[in-house]
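Letter by letter, the chains look like this.
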Amino acid sequence: TFTYNSLLSSYIKQGKLEDAHHLFDKMPERNTVSWSSIISANTRSGNFFHAFDMFEEMMEEGLIPNEYTLGSLLKASSGLGDIWVGKQLHGWSIRTGFASHAGVRTSLITMYSNCKFLDDAMRIFCDVPPHLQEDIPTWNSIIAANVSNGDCSEGFQLFSDMLCTGLVRPTKPTYASMLNAYASVGAIEYGRIIHGKIRQRWTVQQGATMGNSLVKLYAKCGNLKDANRMFEMVFPKN
RNA sequence: CAUGCACUAGCA
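Figured I'd write up the structure that's included with this text. Note that the coordinates shown come from a computational prediction; the quantities given were computed from them, not determined experimentally. (Residues numbered from 1 in each chain as written. Chains lettered and ligands numbered in written order. Predicted model: local features only at pLDDT ≥ 70, side-chain atom pairs only at ≥ 80, totals over all residues. Heavy atoms only, no water.)

With that settled, consider the overall build of chain A. Check the secondary structure of chain A and you find 14 helices and zero strands. Seen in sequence order, chain A has helices and strands lined up from the N terminus as α-α-α-α-α-α-α-α-α-α-α-α-α-α. Its C-alpha atoms give chain A principal-axis dimensions of roughly 60 × 45 × 30 Å. For chain A, the residues scored as buried account for 45% of the 238 residues in total. In chain A, of all internal contacts separated by at least 6 residues, the share reaching a separation of at least 24 is 57%. Counting only carbon and sulfur atoms, one obtains 54% of the accessible surface of chain A, whose full area is about 12900 Å². Computed over 22 positive and 22 negative side-chain charges, the separation of the two mean positions in chain A equals 11 Å. (Helix = DSSP H or I, 4+ residues; strand = E, 2+ residues; numbered from the N terminus. Buried < 20%, exposed > 50% of the residue type's maximum accessible area, 1.4 Å probe, protein only. Contact = heavy atoms within 4.5 Å. Areas by Shrake-Rupley, 256 points an atom, 1.4 Å probe, with all protein chains shown as cover. Lys, Arg positive; Asp, Glu negative; His and termini not counted. Charge placed at Lys NZ, Arg CZ, Asp CG, Glu CD.)

To continue, consider the pattern of salt bridges. In this structure the tally under the stated criterion is four salt bridges. Between Asp 226 and Arg 192 there is a salt bridge, with its nearest N and O atoms 3.2 Å apart. Of the two residues, Asp 226 sits in helix H14 (residues 224–234) while Arg 192 sits in helix H12 (residues 188–201), which places them 34 residues apart along the sequence. With relative accessibility at 11%, the residue Asp 226 sits in the buried group. Arg 192 sits in the partly exposed class, given a relative accessible area of 39%. (Salt bridge = Lys/Arg side-chain N within 4 Å of Asp/Glu carboxyl O.)

If you want it as structure tokens, here you go:
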């Protein structure tokens, strides 16, 4: 089964979902890892309903989801904006103890955030025990949650709290959220500082996924010349 | 052997 799972995950990495499903169907044995792989592949590609279908089939085979499966299922409910399913999963993860895993927490925060329940997202974040404060996706998710739900000042506060712990370094998603926040409050000069930090750490190529946020920042703040310059740097061929 | 975080065109 390990061998089959490895092959399965390599299909998924190559984006060959058809082949992955085909292999999955004819595997002699499927364990929780196999199911988690195929379910996460479906949520990542936006097939949320299919992910839940597979989840049902998994249960029918008598297998119990674990923290990996749960993360993907929460992401699927988040993608559907289905707060009801999300809450069911939340309840179940508390009862089983999986809620204590960093990945599950992050998914819960994102799920509540996408469903516009910022308060619930914050409640989850506040329960994070100290030893999980070094998990950067957890910070990123709660910062993004506040920024995208309109509470930028809380986003700035959290960012600074994060730096104060000294436990984690910002990553690309962290900076992207900060750029979005500065864009939405029109603080272009602070945005430039972030831009500088990004340039210190990544090449234009490596930082390409933050290009959109940079274009947005400069465009929003009326500096079309810089926005155009960013656009050309990030998408040189177009 | 598998999970979770930002960005991801235009119009509306």
